[in-house]
Amino acid sequence: MLRSCAARLRTLGASRGGARGPGAARRSFASEEVVDKDCALPNPSWSKDLRLLFDQFMKKCEEGSWKRLPSYKRSSTQNFKDFRTHYVDPKLLKEEQMSEAQLFTRSFEDGLGFEYVMFCNDAEKRVVCFFQGGPRLQGVPGFTHGGAIASIIDATVGTCAFRAGGVVMTANLNINYKRPIPLCSVVVIDGQLDRVEGRKFFVSCSVRSVSEETLYSEATSLFIALDPNKKLT
Ligand SMILES: CCCCCCCCCCCC(=O)SCCNC(=O)CCNC(=O)[C@H](O)C(C)(C)COP(=O)(O)OP(=O)(O)OC[C@H]1O[C@@H](n2cnc3c(N)ncnc32)[C@H](O)[C@@H]1OP(=O)(O)O
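Positions within a chain are numbered from 1, following the residues in the order the chain's sequence is written. The predicted nature of this model means local features are confined to residues of pLDDT at least 70 and side-chain atom pairs, given and counted, to a pLDDT of 80 or more, with totals for whole chains, interfaces and linings taken over all residues. As a convention, hydrogens and water are excluded, and side-chain values are obtained from all of the structure's heavy atoms.

Basically, it comes down to this: UniProt positions are given in the numbering used here, feature names are shortened, and annotations may be inferred rather than shown by experiment.
As annotated in an unreviewed UniProt entry, the protein carries the name Acyl-coenzyme A thioesterase THEM4 and is attributed to Chinchilla lanigera. The heading Sequence similarities (unreviewed entry) in the UniProt record of the protein holds the text "Belongs to the THEM4/THEM5 thioesterase family."

1. Focus on the pattern of salt bridges
The line we're drawing: The salt bridge criterion pairs a side-chain nitrogen of Lys or Arg with a carboxyl oxygen of Asp or Glu, the two atoms within 4 Å. The secondary structure listing takes helices from DSSP runs of H or I that are at least 4 residues long and strands from runs of E that are at least 2 residues long, numbered from the N terminus.
Applying the stated rule across the entire model yields 9 salt bridges. Of the charged contacts, one joins Arg 126 and Glu 124 as a salt bridge, the two residues approaching to 3.0 Å between their closest N and O atoms. Of the charged contacts, one joins Asp 190 and Arg 126 as a salt bridge, the two residues approaching to 2.8 Å between their closest N and O atoms. Residue Asp 190 is located in strand 7 (residues 186-197), and its partner Arg 126 is located in strand 5 (residues 126-133); the two are separated by 64 residues in the primary sequence. The network of salt bridges with common partners includes Glu 124, Arg 126 and Asp 190.

2. Quick notes on the UniProt feature "domain: Thioesterase" (unreviewed entry) in the protein
Within this numbering scheme, the UniProt entry marks residues 142-213 as carrying the feature "domain: Thioesterase" (unreviewed entry). Counting secondary structure, residues 142-213 comes out at 28% helix and 44% strand; the distance between its end C-alpha atoms is 20 Å.

3. As for the site of the ligand
Basically, it comes down to this: In this text, near means that some heavy atom of the residue lies within 4 Å of the molecule or strand in question. Under the rule applied, a polar contact is a pair of N or O atoms within 3.5 Å (in protein, one hydrogen donor and one hydrogen acceptor; residues adjacent in sequence only if both atoms are side-chain atoms).
Taken together, the neighbourhood of the ligand is formed by 14 residues, with Asp 154, Thr 170, Arg 199, Lys 200 and Lys 230 sitting nearest. Here Asp 154 contributes a side-chain N or O atom positioned 2.9 Å from an oxygen atom of the ligand. Going through the elements one at a time, helix 5 (146-165), strand 6 (168-177) and strand 9 (215-225) are the ones with two or more residues in the shell around the ligand. The dominant element in the shell around the ligand, judged by the number of residues it contributes, is helix 5, at 4 residues.

4. Topic: the pairing of strand 5
This is how the line gets drawn: Remark: exposure states derive from per-residue accessible area (1.4 Å probe, protein chains only) relative to the maximum for the residue type, with buried under 20%, exposed over 50%, and partly exposed in between. Only when DSSP finds a minimum of two bridges between them are two strands counted as paired.
When you tally the buried positions in strand 5, you get 7 out of 8 residues, the bulk of the element. Pairing analysis gives 8 bridges linking strand 4 (residues 114-121) to strand 5, with the strands arranged antiparallel. Bridge pairing in strand 5 links Asn 121 to Arg 126.

5. Some points on the confidence of the model for the protein
Worth spelling out the cut-off: pLDDT is a residue-level measure of predictor confidence that goes from 0 to 100. Residue contacts follow a heavy-atom distance rule, with two residues in contact if any of their heavy atoms lie within 4.5 Å.
Across the protein, the average pLDDT comes to 86, with 84% of residues at or above 70. Every residue in residues 10-35 is under pLDDT 50, and counting partners more than four places away or in other chains gives 35 contacts.

6. A look at the packing of aromatic side chains
For clarity, the threshold we go by: The aromatic pairing rule takes the rings of Phe, Tyr and Trp, using the six-membered ring of Trp, and pairs them if the centres are within 6.5 Å, calling planes under 30 degrees apart stacked, those over 60 edge-to-face and the rest tilted.
This structure, assessed with the given rule, holds 10 aromatic pairs. Ring geometry for Phe 57 and Phe 130: centres 5.0 Å apart, planes at 75°, overall edge-to-face. In this pair, Phe 57 is assigned in helix 2 (residues 48-63) and Phe 130 in strand 5, connecting sequence segments 73 residues apart. The burial state of Phe 57 is the same as that of Phe 130; both residues are buried. Within the aromatic cluster, the residues linked to one another by ring pairs are Trp 46, Phe 54, Phe 57, Trp 66, Phe 119 and Phe 130.

This is the structure:
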């Protein structure tokens, strides 16, 4: 699996031409023009497994029960802008650094870090994430770093909470790591909103192999919907 992953990255190097895939959004960012492409679409680094899962769920989207969630290096949604103006103390912001700010799980070059796509089913209060961890996410040799697994779990269960509760932040994330995830393999993270108590959103998830035979990790989490009358810092 590692060899094919490295091979894909070699071809990727040859093909990297900044192709503007579908869903590309043009924006000027700190004087240079940055093309924010939708990263939740296939690129040459995606393995056969990841493409198969993507195709399977795109068919479910056509049936209407599931929806693919686009994903960008930088979020320009109104939610995000409101968050910044409302919750981020301008004194803490160093504008020149902020222009470099990117979503952590989207800050690696194609194929090297987090390759993933999320689909949501709001009726079932579920978010499913298909994740392929690249060679820059190595922990112990040949396996994916526990912190990288925690990050993609946080993003998946956080998106589940976000879909139900709007602007949320992680208050608690508990992960049981049952089996190590081979580097560059594809896993399925299945997030489920379990219950809501006021501003508290309880979300759990499993991380399984594509065949569903191996349970890699299980997690529970608590997200809090932010109180607009409370400062964060
Ligand atoms: C389009 C793009 C999509 C994008 C989708 C984006 C998905 C986001 C995914 C990434 C999210 C992150 O990584 S966020 C980054 C990591 N997280 C953080 O940095 C958060 C740091 N913590 C905080 O800022 C704060 O603790 C908050 C905001 C979480 C909560 O503060 P608060 O709003 O003042 O709430 P507070 O009154 O303290 O607590 C409210 C209730 O929750 C309970 N509570 C609070 N913390 C805990 C806790 N750890 N464990 C148990 N219970 C807790 C309290 O007891 C209380 O219960 P009761 O008395 O009401 O019963």
